[in-house]
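# Examining the three-dimensional arrangement
Here is how the chains run, residue by residue.
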Amino acid sequence: MKRIVLLRLGHRPERDKRITTHVGLTARLLGAEGMLLASDDLGIVQTLEDVVRRWGGDFYIKNNVNFKQEIREWKAEGGKVCHLSMYGVNLPAVTDELKKCDRLMIVVGAEKVPPEIYQLADWNVAVGSQPHSEVAAVAITMDRIADGEPLEKEFRGAELTIIPTKRGKQVIENIGD
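In this text, all values refer to a predicted model and were calculated from it rather than measured experimentally. (Residues numbered from 1 in each chain as written. Predicted model: local features only at pLDDT ≥ 70, side-chain atom pairs only at ≥ 80, totals over all residues. Heavy atoms only, no water.)

### Here we look at the sheet that holds strand 5 (residues 89-90)
Pairing within the open sheet is parallel, and its 7 strands lie in the order 3-2-1-6-4-7-5. Among the strands making up the open sheet, the edge pair consists of strand 3 (60-62) and strand 5. Pairing between strand 1 (residues 3-9) and strand 2 (residues 34-37): 4 bridges, direction parallel. Bridge pairing in strand 2 links Leu7 to Leu36. (Pairing = 2+ DSSP bridges. Helix = DSSP H or I, 4+ residues; strand = E, 2+ residues; numbered from the N terminus.)

Here is the structure:
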C-alpha cells in the first residue's frame, strides 16, 4: 500500500491557519497518512485531531518538526520527496513516476520556501506553472497519483458519517463504532 505524508513549510500562525487546515483536510481526504507541520501551531493540531476523532481515519499530525531531519529520515527509509510549487517540471510529465512511489512525501510551502528544498526534493513539480493555492496543488497532485478512487474511501472509527443524497444533508451518528 502506498504511503503518503504531507510536509507543510512556512506556515505563519497569524496568517495561514485556514489554508494550512485546508491543506491538511485535503491531504487526509485524498489518502495521506499524516501531516508534518514545520511550525509551532497547536491550534492546527487540535483542529485536525478533532476532525479525525469525529470523522474517522488514522490521519496524524506532528507539530513543529525539523523539515530537514524529516526529509533525511524519510529518504533513509526509502521514501521519495515531491516538492509542489509553481516552478519545476510540470505535473503531467512526472505523474507516472510519482504513482510508482511506495513512500512519497509531498512538500508544500506557504511563504517562500527555503532554497535547499529544491535540492532535497527528488522532484520539484509545477502544478500549472502559474500562481495557485497550496490546497489546489495538493488536491490535483494527490488525485492524479491515487491508487483507485480516493473519493470513495471509507474512514474507520467515525463518530459521524455523511450519507450521499441528491438533495439536502444526511448525517448519521455512529454509536459504539
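The rest of the description comes next.
### Some thoughts on the packing of aromatic side chains
Counted according to the given criterion, the structure contains 0 aromatic pairs. The cationic tip of Arg103 hangs over the ring face of Trp74; the distance from NZ or CZ to the ring centre is 4.0 Å. (Phe/Tyr/Trp six-rings, centres within 6.5 Å; stacked < 30°, edge-to-face > 60°. Lys NZ or Arg CZ within 6 Å of the ring centre and 35° of its normal.)

### Concerning unusual backbone geometry
Even without being a glycine, Asn64 presents a positive backbone phi close to 60°. Mapped onto the elements, Asn64 comes out in the loop between strand 3 and helix 3 (67-76). Using a relative accessible area of 47% as the deciding quantity, one classes Asn64 as partly exposed. (Buried < 20%, exposed > 50% of the residue type's maximum accessible area, 1.4 Å probe, protein only.)

### Some words on the packing of helix 1 (residues 17-29) against helix 6 (residues 134-145)
Orientation of helix 1 relative to helix 6, taken along the N-to-C sense of each, is 10°, at an axis distance of 9 Å. By the criterion of interaxial angle, the relationship of helix 1 to helix 6 is roughly parallel. Contact residues: helix 1 offers Ile19, His22, Val23, Thr26 and Ala27, while helix 6 offers Glu134, Val135, Val138, Ala139 and Met142. Grouping the amino acids of the contact of helix 1 with helix 6 by side-chain chemistry returns 7 nonpolar, 2 polar and 1 charged. (Axes fitted to C-alpha atoms, helices over the stretch in contact; angles between N-to-C directions. Parallel < 35°, antiparallel > 145°, perpendicular 65-115°, else oblique. Contact = heavy atoms within 4.5 Å. Nonpolar A, V, L, I, M, F, W, Y, C, P; charged D, E, K, R; others polar.)

### Points about the state of the cysteines
Across all of its chains, the model carries 0 disulfides by this definition. Cys82 takes part in no disulfide bond, and the closest cysteine sulfur, belonging to Cys101, lies 8.3 Å away. Look at Cys101 and you get buried, because its relative accessible area is 9%. (Disulfide = S-S within 2.5 Å.)

### Notes on the side chain of Thr20
Tracing the backbone shows Thr20 in helix 1. By relative accessible area, Thr20 is classed as buried at 0%. Within the structure, Thr20 has its side chain in polar contact with the side chain of Arg8 (distance 3.0 Å). Those residues within four positions of Thr20 in sequence are excluded, and the remaining contacts are Arg8, His11, Met35, Leu37 and Ile44. (Polar contact = N/O pair within 3.5 Å; in protein donor to acceptor, adjacent residues only side chain to side chain.)

### Observations regarding the pattern of salt bridges
Scanning the model with the defined rule gives 12 salt bridges in all. Put simply, Asp147 and Lys2 hold a salt bridge, and the shortest N to O gap is 3.9 Å. You can see Asp147 sitting in the loop between helix 6 and strand 8 (160-162) and its partner Lys2 sitting in the segment before strand 1, a full 145 residues away along the chain. According to the relative accessible area criterion, Asp147 is exposed, its value standing at 56%. Residue Lys2 is classed as buried on the basis of its relative accessible area, which comes to 13%. (Salt bridge = Lys/Arg side-chain N within 4 Å of Asp/Glu carboxyl O.)

### Topic: the UniProt feature "binding site: S-adenosyl-L-methionine" (unreviewed entry) in the protein chain
Mapped onto this numbering, the UniProt entry gives "binding site: S-adenosyl-L-methionine" (unreviewed entry) at Leu84, Gly109, Ala110, Glu111, Lys112 and Val113. A maximum C-alpha distance of 12.8 Å places the annotated residues, which cover 30 residues in sequence, within one compact spot. As for its position among the elements, Lys112 is in the loop between strand 6 (103-109) and helix 5 (116-120). Tracing the chain through its elements places Val113 in the loop between strand 6 and helix 5. (UniProt positions renumbered as here; feature names shortened; annotations may be inferred.)

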